[in-house]
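Coordinate analysis (summary)
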Amino acid sequence: MGRMRAWWLLAACLVLPLSSCGKSEESEVQKALDFRTALLAAPSCAYTAQVTADFGDRVFEFGLDCTYDSQENDAALTVTGPELIAGIAAEVDGERAQVSFEETSLELGTMAGGHVAPLQLPQLLGNAWAYGYVESQARAGDGWLITYRTGYGTEELLVCTRFDGALSPRQAEVYYDGTCVLTAEIDSFAAGQ
């Protein structure tokens, strides 16, 4: 009888720390879900982004003013820099993932095996935040690092986003086939715009 009681005591001691780990992980998952809920409840969100598009043999850097509509899964953007291309506006349709321009055309090409265009970034991020599979989440300083998985097979992307303590996105990276193809420093995020 003494051995059986010792075994139950040992089992209880092992289960208590594991149950507290589960609660910590659950609260981190809850942060990702809280952000998603707020994003889906708002008509849209807006932010600015300093973007780096890495094609492997060349790198482009540009600024964007972005909006994303989670109900329609589409985005609108205006290029803010460099000055040579500032003012170009575009809309990205979430279903076809095509970029269309008013009056002016800007060709940066595609990356990630032809599956990603650099100006798709606002739609890619919004789609991941609103609809992507939450692959992982972890505490990062006073905020969180959340990784989303979108697409399947050759169209699969990982979107890693660093959030501050107020659940505003501050930095994002888009990975295709293990390679980071887009990075964004995000500022002035506001939902409900």
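No experiment lies behind these values; they were computed from the predicted model shown. (Residues numbered from 1 in each chain as written. Predicted model: local features only at pLDDT ≥ 70, side-chain atom pairs only at ≥ 80, totals over all residues. Heavy atoms only, no water.)

1. Side note on the environment of Leu158
Looking at the element boundaries, Leu158 is found in strand β8 (residues 157–163). Along the backbone, Leu158 and Gly178 are 20 residues apart, and their C-alpha atoms lie at a distance of 8.5 Å. (Helix = DSSP H or I, 4+ residues; strand = E, 2+ residues; numbered from the N terminus.)

2. As for unusual backbone geometry
Note that the residue after Gly81, namely Pro82, is joined by a cis bond; omega there is 5 degrees. Even without glycine at this site, Asn73 takes up a positive phi of about 55 degrees. Of note, Asn73 is situated in the loop between β2 (59–69) and β3 (74–81). The buried category is assigned to Asn73, whose relative accessible area is 15%. One non-glycine residue, Asp177, lies in positive phi territory at about 50 degrees. Along the chain, Asp177 falls in the loop between β9 (169–176) and β10 (179–191). (Buried < 20%, exposed > 50% of the residue type's maximum accessible area, 1.4 Å probe, protein only.)

3. Looking at the packing of aromatic side chains
Scanning all chains against the criterion turns up seven aromatic pairs. Summarising the aromatic geometry, the rings of Phe35 and Phe189 are spaced 5.7 Å apart at their centres and angled 45 degrees between planes, so their arrangement reads as tilted. Of this pair, Phe35 sits in helix α1 (residues 2–41) while Phe189 sits in strand β10, and the two are 154 residues apart along the sequence. When its relative accessible area of 17% is taken as the criterion, Phe189 is described as buried. Joined through ring pairs, the aromatic side chains of Phe35, Tyr47, Trp129, Phe163 and Phe189 make up one cluster. (Phe/Tyr/Trp six-rings, centres within 6.5 Å; stacked < 30°, edge-to-face > 60°.)

4. What about helix α2 (residues 121–131)?
Of all eleven residues in α2, ten are buried; the element is thus mostly enclosed. Among the residues making up α2, those that are buried are Leu121, Pro122, Gln123, Leu124, Leu125, Gly126, Asn127, Ala128, Trp129 and Ala130.

5. Comments concerning the nonpolar core
Judged by nonpolar contacts, the single largest core of 43 residues is most densely connected at Tyr47, Leu125, Trp129 and Tyr148. Here this core gets six residues from one element, more than from any other, and that element is α2. The residues touching Leu125, leaving out its near neighbours within four places in the chain, are Tyr47, Val159, Ala172, Val174 and Ile186. (Core = buried A, V, L, I, M, F, W, Y, C linked by side-chain atoms within 4.5 Å. Contact = heavy atoms within 4.5 Å.)

6. Quick look at the pairing of β8
The element β8 is extensively covered by neighbouring structure, given that five of its seven residues are classed as buried. Note that strand β7 (residues 143–150) and β8 share seven bridges and pair antiparallel. For Leu145, the partnering residue across the bridge sits in β8 and is Arg162. Joining the antiparallel neighbours β7 and β8 is a turn of six residues, in which Gly151 adopts a positive phi near 75 degrees. The hairpin formed by β8 and β9 contains five residues between the paired strands, and Leu167 there has a positive phi angle of roughly 60 degrees. (Pairing = 2+ DSSP bridges.)

7. Looking at the side chain of Thr147
With respect to the element layout, Thr147 can be found in strand β7. Note on Thr147: relative accessible area 10%, which makes it buried.

8. Side note on the pattern of salt bridges
Under the criterion given, the structure shown has three salt bridges. Glu156 serves as the salt-bridge partner of Arg149, at 2.6 Å between the closest nitrogen and oxygen. One salt bridge connects Asp187 with Arg170, and the closest N-O pair in it is separated by 3.4 Å. Within this pair, whereas Asp187 is found in strand β10, its partner Arg170 is found in strand β9, the two being separated by 17 residues in sequence. Residues participating in the shared-partner salt-bridge network are Glu135, Arg149 and Glu156. (Salt bridge = Lys/Arg side-chain N within 4 Å of Asp/Glu carboxyl O.)

9. Examining the environment of Leu125
Tracing the chain through its elements places Leu125 in helix α2. Residue classification places Leu125 among the buried positions, given a relative accessible area of 0%. Separated by 35 residues in the primary sequence, Leu125 and Cys160 have C-alpha atoms spaced 9.2 Å apart.

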